[in-house]
Amino acid sequence: MAHHPVVTLLVGFLLMMSLSPILSAHETEGVFLFYKHPGVNSDTQSMRTPPMGAAHAISLNIDLSTELSAEQASQIKQLGAWLTADGISHNAQVLIRTIQDARIHGLNPETYQLSSILETVDTLSELDEKLLSADRQDANALSLRDLRYKINELLDTNFIKLSEHLGQGVVNGRKIQRRYYRDAPRINAFNLLVSISNAELSVAEALRQVMPSHPYYAGLKTTMRNLLTEQSTQVQRTTVASDNDAQLISEAADKQTIRERLLETGDLTMEAYLASDPDAQLLKALRAFQTRHGLIASSFADSRTRAQLNRTVEQDIEAVSLSLERWRWMPRDLGERHVFINIPDYRVKVIENGATTLSMVAVVGKYKHQTPSFTRNMSYIEFNPTWTVPAKISNKELIPKERRRPGYLASRNFAFLKRVNNRLVRVPTSSVTRKDFNAASFPYILQQQPGPNNALGRMKFMMPNQYAIYLHDTQAKKHFTLNDRAYSHGCIRLADPDAFAQKLMSDDGYSQRKIDRTLRSKRTHHVRLREPLPTHLLYLTTWVDENSKLQIRPDIYRNDDALLDALRKAGTSLSEKTNFSASGDNDEWTAQGS
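Residues numbered from 1 in each chain as written. Predicted model: local features only at pLDDT ≥ 70, side-chain atom pairs only at ≥ 80, totals over all residues. Heavy atoms only, no water.

1. Focus: the overall build of the protein
So the rule is basically this: Only DSSP runs of H or I covering at least 4 residues are called helices, and only runs of E covering at least 2 are called strands; the numbering of each starts at the N terminus. Three labels apply to residues, based on accessible area from a 1.4 Å probe with only protein chains included: buried if under 20% of the type maximum, exposed if over 50%, partly exposed otherwise in between. Here, two residues are considered to be in contact whenever any of their heavy atoms come within 4.5 Å of each other. Each accessible area is a Shrake-Rupley estimate made with a 1.4 Å probe; only the visible protein chains count as cover when residues are assessed.
The helix and strand tally for the protein stands at 20 helices and 15 strands. Burial statistics for the protein: of 594 residues in total, 52% are counted as buried. Contacts spanning at least 24 positions in sequence make up 72% of the contacts within the protein whose residues lie at least 6 apart. Summing over all exposed atoms, the protein offers an accessible surface of approximately 27600 Å²; the carbon and sulfur share of this is 50%.

Quick look at the structure:
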């Protein structure tokens with residue numbers, strides 16, 4: 001049975017305030033660089049055993065600052081990274097706390113053997129006490145030495161694994177996601193471990209170096225922490241009727257459950273919930289919810305809206321986990337100024353110092369012509385461009401039209417070219433025969449000349465790449481008014497290319513006079529950007545916006561299930577039982593035209 005939303009919020013808040021964990025494990029002593037890197041002689045990995053001392057509890061109340069103190073650095077140089085004369089070290093405590101907190105990165109702490117680490121620390125502490133009270137019996141001393149080896153092995157191995165997962169991702173994006181053409185950052189975790197053992201870096205500094213520092217990643221971590229807190233309360237989310245065919249919210253019970261659910265999601269504030277015009281506030285909140293989920297913002301609670309209202313917290317946790325993983329694949333330096341294209345959001349943004357300075361809707365590739373994910377520098381704009389047609393489009397689309405309607409290509413201002421000595425040479429129209437048009441593969445290259453019918457419109461924005469992907473104007477303006485905008489052959493069509501060109505040229509130092517003259521010109525010419533602009537095409541079905549709101553979009557290319565399955569197989573998933581598809585019929589989430 002659903003709980004009243006006010007009770008839900010209150011219970012969640014009280015539980016969140018009580019969740020600061022205190023570990024009841026114990027510090028121990030002895031240090032050993034246990035991880036054996038290929039090519040490293042085991043003789044160089046020597047154990048340095050300090051005198052045994054009293055064990056100390058690991059407390060999460062102590063200050064685990066990023067930098068090592070002089071005393072801590074001295075201890076590491078003498079005794080190693082993980083153990084001190086009196087117990088486990090500052091670095092060990094930071095690593096254990098970070099492993100405990102791995103869930104906010106969408107990672108399962110047991111992937112990093114958290115239970116084994118804590119159990120070993122506890123056993124070491126208990127054995128320490130026995131030795132102190134039993135005159136250091138030889139059998140206990142031997143067991144203690146073995147346990148020291150074990151704790152060093154555990155901490156070495158799991159520092160390596162955690163830093164690699166945070167630094168470059170759990171899985172290889174190129175192998176998991178279709179048309180993914182970006183290499184993840186590469187880190188040398190063993191070298192980091194050596195630097196920690198030499199007191200050149202603390203664990204906190206090492207992990208901070210490798211993990212994403214983007215505000216996008218930080219926002220997702222905060223959202224994940226909130227979702228995990230909600231999950232831990234075990235308070236059930238309000239469920240709305242999913243089989244209600246009435247799109248208008250008219251039934252009192254239906255209206256109330258939707259109102260309570262929107263209060264839980266934060267789209268309906270408590271002030272609006274108690275307002276004198278509750279129906280108007282409800283519809284306003286519903287539209288906000290629909291916008292956050294990539295749905296048409298309306299006053300109707302249709303089946304797609306109801307499916308999203310009924311998402312479980314486990315589904316949200318898994319969805320955010322996928323975006324955290326995808327961000328770990330991204331370059332750490334996006335550029336102070338960059339172009340950001342999130343394919344499922346159908347939107348192009350210009351970002352400067354973390355702030356969006358231009359945003360516009362866009363059209364992306366159909367399901368069968370998917371826009372790839374990659375990063376390149378945008379280096380020039382071509383005005384009044386020609387369109388050299390890919391052979392696949394010529395043979396499958398344009399030549400069949402010419403067969404059905406002779407003269408179609410001429411009416412659309414297409415020229416015929418052939419390659420001679422690695423150059424494109426124009427072929428007279430009279431030389432192209434009906435036999436050529438009926439061939440299985442058209443023997444010439446089609447090129448559409450500049451003009452009002454050109455498919456690329458008046459300009460294209462080039463970031464040279466082997467995938468033939470660029471941003472451009474279009475004649476098909478009607479698609480920009482649609483909610484689902486996957487209609488292109490892979491390139492990005494811009495709703496307002498003039499504003500985009502104006503922004504790029506202005507930021508690049510061109511005068512307004514030069515910009516105006518360029519935009520008025522009818523001739524084909526290039527304008528080179530003096531400062532190439534990093535352009536990132538990526539695929540995120542969840543992210544946190546500038547107002548700290550979780551945004552969710554349809555998985556238009558059906559990439560999420562493959563990534564979720566890969567993370568489950570890798571053992572890092574936070575849930576093995578979640579049915580990830582939350583939208584009911586998956587086809588409803590596939591963009592029109594795909």
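2. Details of the sheet that holds strand 6 (residues 414-420)
Here is the rule we go by: Pairs of strands are assigned from DSSP output, requiring at least two bridges between the strands.
Sheet architecture is open: four strands sit in the order 5-8-6-7, paired in antiparallel fashion. Single-partner strands in this sheet number two, and they are strand 5 (387-388) and strand 7 (423-427). Here strand 5 pairs with strand 8 (residues 445-448) via two bridges, running antiparallel. In the sheet register, Trp387 faces strand 8, and the bridge partner there is Gln448.

3. Regarding the nonpolar core
Where we set the bar: Among the buried residues, those of types Ala, Val, Leu, Ile, Met, Phe, Trp, Tyr and Cys that are joined through side-chain atoms within 4.5 Å form a nonpolar core.
The biggest cluster of nonpolar side chains holds 66 residues, and the ones touching the most others in it are Trp82, Leu95, Ile117, Leu155, Phe159, Leu166 and Trp327. Among the elements that take part in this core, helix 5 (residues 138-168) stands out by supplying nine residues, more than any other. Excluding residues that lie within four positions of it along the chain, Phe159 makes contacts with Trp82, Leu95, Ala189, Leu192, Leu193, Ile196, Ala206 and Leu207. In this structure, Phe374, Met462, Met463 and Val527 belong to the second largest nonpolar core, which totals 57 residues.

4. Brief notes about the side chain of Asp436
Here is the rule: In this count, Lys and Arg are taken as positive residues and Asp and Glu as negative ones, while His and the chain termini are left out. Each salt bridge in this description consists of a side-chain nitrogen of Lys or Arg and a carboxyl oxygen of Asp or Glu lying within 4 Å of one another.
Note that Asp436 resides in helix 17 (residues 434-438). There is no salt bridge for the buried Asp436, and the closest opposite charge comes from Lys435, which lies 7.1 Å off by N-O distance. Among all residues touching Asp436, those that are not within four sequence positions of it are Ser431, Phe442, Pro443 and Tyr444.

5. As for the pairing of strand 3 (residues 355-365)
Strand direction decides the pairing type here: strand 2 (residues 347-352) and strand 3, joined by six bridges, are antiparallel. Bridge pairing links Ile351 to Thr356 in strand 3. Taken together, strand 2 and the strand that follows it, strand 3, pair antiparallel across an intervening segment of two residues, in which Asn353 is found at a positive phi of about 50°. Two elements, strand 3 and strand 12 (residues 492-494), share two bridges in a ladder whose sense is antiparallel.

6. Focus: the confidence of the model for the protein
How we decide: Values of pLDDT, the confidence the predictor places in each residue, fall between 0 and 100.
Predicted confidence across the protein gives a mean pLDDT of 83, with 80% of residues reaching 70 or more. Segment residues 1-64: pLDDT under 50, and 163 contacts once partners within four positions in sequence are set aside and those in other chains are kept. Across residues 577-594 the pLDDT falls below 50, and counting only partners more than four positions away or on other chains, this stretch makes 52 contacts in the model.

7. Focus: the pattern of salt bridges
Counted according to the given criterion, the structure contains 21 salt bridges. A salt bridge links Arg328 to Glu325; the shortest N-O distance between them is 2.9 Å. Taken together, the residues span about one helical turn, with Arg328 and Glu325 both in helix 14 (residues 313-328) at a distance of three residues. For Glu325, a relative accessible area of 0% translates into the label buried. Asp507 is the partner of Arg337 in a salt bridge, and the nearest nitrogen-oxygen pair spans 3.5 Å. Remark: Asp507 occurs in helix 18 (residues 497-507) and Arg337 occurs in strand 1 (residues 337-342); sequence separation between them is 170 residues.

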